[in-house]
Amino acid sequence: MEDKLNHADKASQQLAACAGEAHIEIVWDRYEAMQPQCGFGLLGICCRICSMGPCRIDPYGSGPARGVCGADIDTIAARNLVRMIAGGAAAHSDHGRDIAHSLLLAAQNEDSDYQVKDEEKLKSLARVLGIDSNGDISQLAAEVASACLNDFGRQDDKGLAVLSMAPEKRRKIWQNLHVTPRSVDREIVEIMHRTHMGVDTDYKNIIKQGIRCALSDGWGGSLIATELSDILFGTPSPLRSEANLGVLSKEDVNIIVHGHEPTLSDIIAVVSQDKELKELAKAKGAAGISVAGICCTANEILMRHGIPVAGNFLQQELALMTGAVELMVVDVQCLMPGLNSVAGCFHTKLITTSPKAKIRGVEHIEFHEEKAVQIAKQIITMAINNFHERVKEKVIIPDHKEKLVAGFSSESVYAVLGGKYRATYRPLNDAVMSGRLRGAAGVVGCCNPNMPYEEAHIKMVKELIKNDVLVVTTGCNAIACAKHGLLKPEAAYQYAGRGLREVCNAVGIPPVLHVGSCVDNSRILIILSNIVSEGGLGEDIADLPVAGAAPEWMSEKAVSIGFYFVASGVYTVLGKPLPVMGSKNLHTYLTEEIEAEIGGKWEFEEDPVLAARKMITHIDKKRKALKLKPCMYEQEKSGEK
Ligand code: SF4
Ligand code: MSK
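A few points on the structure. (Residues numbered from 1 in each chain as written. Chains lettered and ligands numbered in written order. Predicted model: local features only at pLDDT ≥ 70, side-chain atom pairs only at ≥ 80, totals over all residues. Heavy atoms only, no water.)

## Section: the overall build of the protein
Part 1: Secondary structure summary: the protein contains 27 helices and 16 strands in total.
Part 2: Compactness check: the protein gives a C-alpha radius of gyration of 24 Å against a globular reference of 26 Å for 641 residues, within 12% of the reference.
Part 3: For the protein, the spread of C-alpha atoms along the principal axes amounts to about 65 × 65 × 60 Å.
Part 4: Considering only contacts within the protein whose residues lie at least 6 apart along the sequence, 75% involve residues at least 24 apart.
Part 5: As displayed, the protein has an accessible area near 24,200 Å², and 50% of this comes from carbon and sulfur atoms.
Part 6: Considering the protein, the positive charge centre built from 70 side chains and the negative charge centre built from 80 side chains are found 4 Å apart. (Helix = DSSP H or I, 4+ residues; strand = E, 2+ residues; numbered from the N terminus. Rg over C-alpha atoms; globule rule 2.2 N^0.38 Å. Contact = heavy atoms within 4.5 Å. Areas by Shrake-Rupley, 256 points an atom, 1.4 Å probe, with all protein chains shown as cover. Lys, Arg positive; Asp, Glu negative; His and termini not counted. Charge placed at Lys NZ, Arg CZ, Asp CG, Glu CD.)

Written out as C-alpha cells, the structure reads:
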C-alpha cells in the first residue's frame, strides 16, 4: 500500500498507517487483495450481455475471434464502453431530475424549506428556455422546473431545450452527425436497447449513440443539475475555506456529509447553526457542531457556504479512522460499501438517506424535501447524542489542512475578470490572445487506488500552470489541489509561469479555479461557450486553445464526462486508458479518427507530466490555427530551462 501513498498528503499517509496497524481493512488493502485483476475486463473484451456467454476474445488471436452470437472484438468493446456512458449519464441526470423536482416542490409550496435564492439566474434560464421571465417568481420557478423536467422525457426529436446554451456552430456539427440529444432518458434507454444481444454491431454507430447520450448528460442532465442548484441554493461566488482531515474538530461534534446531492447537505449546513442545537451540543460536553464534507457533496456546500472539505473519494474511510466522527450521512454516488465495517470499529453512526442508495446493516433515515429541516435536525441531534460515545484514546485528528479559495462559477468568472461594473470575459479572451495566458485546461475527476494517490493530479496541474495554462477543476481533483495548496492565490507566485502569475495577480485569483462538483463540469462547458461568444478565439469550442483531463479517473460518470467534452470539441486525456485497448479499431477511432468528425479526441497517457506536455502541445496547435502569437514568456522560459 505504501507505494500508492508515497505522494499522498500527510494526513492520508498517517491515517492509512493507523488502519494498517489496527488491521482495519481499507480501499488500498482490498485493491491489493484483488490482484491480479482480469485482463479481459481491463481490455474491455469480455461480453456477458446474454446467457450464451460469457464470451471472451483473446486480442492476440489465440482462441475464437467472435462470441457465440458472432459479435467481434470491436462490437464487444464498444458495447461495454457505451454502457459505461449510460451508467454515468444516468447518475448525473437522475441527480439533475431530483433537483428539478425539488425546485418544483419549492415553487408550489410557500411553506417549503427551500426557496429560490438566485432570482436573476432563474430569469436568465427562463429566457434561455423561451419562457417569459417577468412576473411572479414562484410561478416562474415552477415553469422553469417543468421545462427542465420535460427535457428528461421529451418524445419529439427537437432536441433538449437547454442545448441552446451551446455555441451555434457546435450545435450544427451535432445536427449533421445526428448526435443531437433528443431527451435525457431516451438516450440512456437507447444505449441499453442498442447494446442488447443482436441489435447494433457497428462499433462506430454504437459510439455515435454513446456520444449522443454523453451530450444529454453534459449539456442536459448535469447542466440542469447545476443551473437549478444555483437557483435553489445560490450561485457560488469566491470564498475562503480549508481542506483535509485536519478540519475535523477535537472539541466539536463532527458530522460528515458525503455523496453528491446538495438537497440535504445544504440544509444540514444551515441547520447546524441552529442555536438550540448548538446549546444541546454544549450540554452534551462538546464545544459546538462542525460539519465537513467528502466527495462532491463536500464541493456543493463548500462552494455555497464555505463548509470545509474533509477529503475526497479515497479519504472517506480515512475520515472515519480519525475516531472523531460522530455521524456520517450519505446520499448517492461514490459511497464505498466498505464504510460500514470501518464505522463499526468506532463509535461513528453511518446513515443512508436516499431510497436509491441503502447499505445493508446501515440505519436508513429517508430524506423527503417536504420535511427537510425536520430530518436535518433529527440527524444532527443523533450526532450530538453520539458525542459521549467518542473514545478519546482512539481519536487521531491529523494536524494537516490547507487554506483555499473556491466558489468560482461561470457567472463569478465574469465578475472577477471584468470587475464590478463591467462583467465580461473580455479580459480572459484578451489575455489568451496576447499570449499572457497560453490557454486553459479542465483537470477533473476521481482518484483511484490503481494509481499513486493524487500524484498524477498534482504533477499534471503544476506542469500546466508552470506553462501559463489556467486550470479549472471540479470533483476530487479540486479537493486534491486544495489539499496541496494550489487553490490559494499565493500558489500563483510559487508555481505559475510569469504570464499566468500576472493575470492571477491582477484579479486576485488562484491559478487553479475550483468550479464545483462532478455535475458542475457543465460550468466548464458554459465557460467555454462564453469564451466563444466573447469573440476573438474562433467560432466553436474546438477552435479554443484548451484541453481536458481526468488523470486518475475511476467512475462511469468520468467516462460520460470525457465523452461529452470530446463531443464538444475538446482534446481529453485520461491517465489509465478506457477499457478499449483490446480493440485496435475502436482505440484508433477514439484517439485519432474521431477528431475529424467531432473536433475533439481522446488521449491515454499515464505519465502526468508527459500528459500535461501533450495538452500544451495541443493548446499551442490551436493557438497557431487561430494565428495567435506564441505564449508571451515562452522565449524566457526556454532560456530558464
Ligand atoms: Fe457472447 Fe454475443 Fe451473448 Fe455477448 S451477446 S455474451 S458475445 S453470445
Ligand atoms: S466524487 S465521481 S470520485 S470525482 Fe464526484 Fe470524486 Fe469521481 Fe466521485
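## Side note on empty space enclosed by the protein
Part 1: In total, this model carries 7 cavities of 30 Å³ or more according to the counting rule given.
Part 2: A volume near 280 Å³ is recorded for the largest cavity.
Part 3: Lining the largest cavity we find 26 residues, and of these Ala441, Gly442, Val472, Ile524 and Ala547 sit closest to its centre.
Part 4: Every element with two or more residues in the lining of the largest cavity is listed here: strand E11 (439-443), strand E12 (469-473), helix H23 (521-534), strand E14 (546-550), helix H24 (556-566) and strand E15 (571-574).
Part 5: The element best represented in the lining of the largest cavity is E14, accounting for 5 residues. (1 Å grid on protein atoms, 1.4 Å probe; cavity = no way out; pocket = protein on both sides within 12 Å on 5 of 7 lines; lining within 4 Å. Points joined across faces, edges and corners; volume = space filled by probe spheres on them.)

## Describing the sheet that holds strand E13 (residues 512-514)
Part 1: Strand order in the open sheet made by the 6 strands is E13-E12-E11-E14-E15-E16, with parallel pairing throughout. The strands lining the two open edges of the sheet, one partner per strand, are E13 and strand E16 (602-604). In this sheet, adjacent strand axes meet at a mean angle of 25 degrees when their direction is disregarded.
Part 2: Sheet analysis places E11 next to E14, joined by 4 bridges and oriented parallel. If you follow Gly442 over to E14, its bridge partner there is Gly548.
Part 3: Sitting on the sheet, H24 touches E15 and E16, and the angle it makes with E16 is about 130 degrees. (Pairing = 2+ DSSP bridges. Axes fitted to C-alpha atoms, helices over the stretch in contact; angles between N-to-C directions.)

## Regarding the nonpolar core
Part 1: Membership of the largest hydrophobic core comes to 172 residues, with the highest contact counts inside it found for Phe563, Leu578 and Leu590.
Part 2: Residues Ala11, Leu318, Met328 and Val362 belong to the second largest nonpolar core, which totals 45 residues. (Core = buried A, V, L, I, M, F, W, Y, C linked by side-chain atoms within 4.5 Å. Buried < 20%, exposed > 50% of the residue type's maximum accessible area, 1.4 Å probe, protein only.)

## Remarks on a nonpolar patch on the surface
Part 1: A cluster of nonpolar side chains, contributed by Met52, Val68 and Met197, occupies part of the molecular surface with about 270 Å² of accessible area.
Part 2: Relative to the helices and strands, Met197 resides in the loop between helix H9 (184-194) and helix H10 (203-233). (Patch = residues over 30% accessible without salt bridge, like charges linked within 9 Å, V, L, I, M, F, W, Y side chains within 5 Å. Salt bridge = Lys/Arg side-chain N within 4 Å of Asp/Glu carboxyl O.)

## Structural notes on the site of ligand 2
Part 1: In the vicinity of ligand 2, the contacting residues are His260, Cys295, Cys296, Phe313, Cys334, Gly445, Cys446, Cys476, Cys518, Met554, Ser555 and Lys557.
Part 2: Tallied by class, the residues present in the shell around ligand 2 amount to 8 nonpolar, 3 polar and 1 charged.
Part 3: Residues lining the shell around ligand 2 come from more than one domain, with at least three contributed by each of domain 3 (245-394) and domain 4 (406-638). (Near = heavy atom within 4 Å. Nonpolar A, V, L, I, M, F, W, Y, C, P; charged D, E, K, R; others polar. Domains from an automatic or database assignment.)

## Some words on the layout of surface pockets
Part 1: Roughly 720 Å³ of volume is contained in the largest pocket.
Part 2: Gly41, Leu42, Met84, Trp553 and Pro579 are the residues nearest the centre of the largest pocket, which is lined by 23 residues in total.
Part 3: Contributions of two or more residues to the lining of the largest pocket are made by helix H4 (39-43) and helix H5 (73-108).
Part 4: Looking at the lining of the largest pocket residue by residue, the classes come out as 13 nonpolar, 7 polar and 3 charged.
Part 5: Here the second largest pocket defines a volume of roughly 340 Å³.
Part 6: Every residue lining the second largest pocket is counted, 16 residues in all, and those nearest its centre are Ser124, Val128, Met165, Ile526 and Asn530.
Part 7: If you list the elements that add at least two residues to the lining of the second largest pocket, you get helix H6 (119-128), helix H17 (410-418) and H23.
Part 8: A class-by-class count of the residues in the lining of the second largest pocket yields 6 nonpolar, 6 polar and 4 charged.
Part 9: Inspection of the lining of the second largest pocket shows a minimum of three residues originating in each of domain 2 (73-233) and domain 4 (406-638).

## Some points on the pairing of E14
Within a regular beta strand, the side chains point alternately toward one face of the sheet and then the other, so they alternate between its two faces.
Part 1: With 5 of 5 residues buried, E14 is to be regarded as a mostly interior element.
Part 2: The alternating pattern of E14 places Val546, Gly548 and Ala550 and Ala547 and Ala549 on opposite faces, both of which are buried.
Part 3: In terms of strand pairing, E14 meets E15 through 4 bridges, oriented parallel. Paired with Ala547 across the bridge in E15 is Tyr571.

## Examining unusual backbone geometry
Part 1: A cis amide bond, omega -5 degrees, links Gln35 with the succeeding residue Pro36.
Part 2: With respect to the helices, strands and loops of the structure, Pro36 is situated in the loop between helix H3 (27-33) and H4.
Part 3: In this structure, the amide linkage connecting Gly53 to the following residue, Pro54, adopts the cis form with an omega of 5 degrees.
Part 4: Tracing the chain through its elements places Pro54 in the loop between strand E1 (46-47) and strand E2 (55-56).
Part 5: Phi at Asn244 takes a positive value of approximately 115 degrees, unusual for a residue other than glycine.

Purely spatial values, then, with no claim about function.
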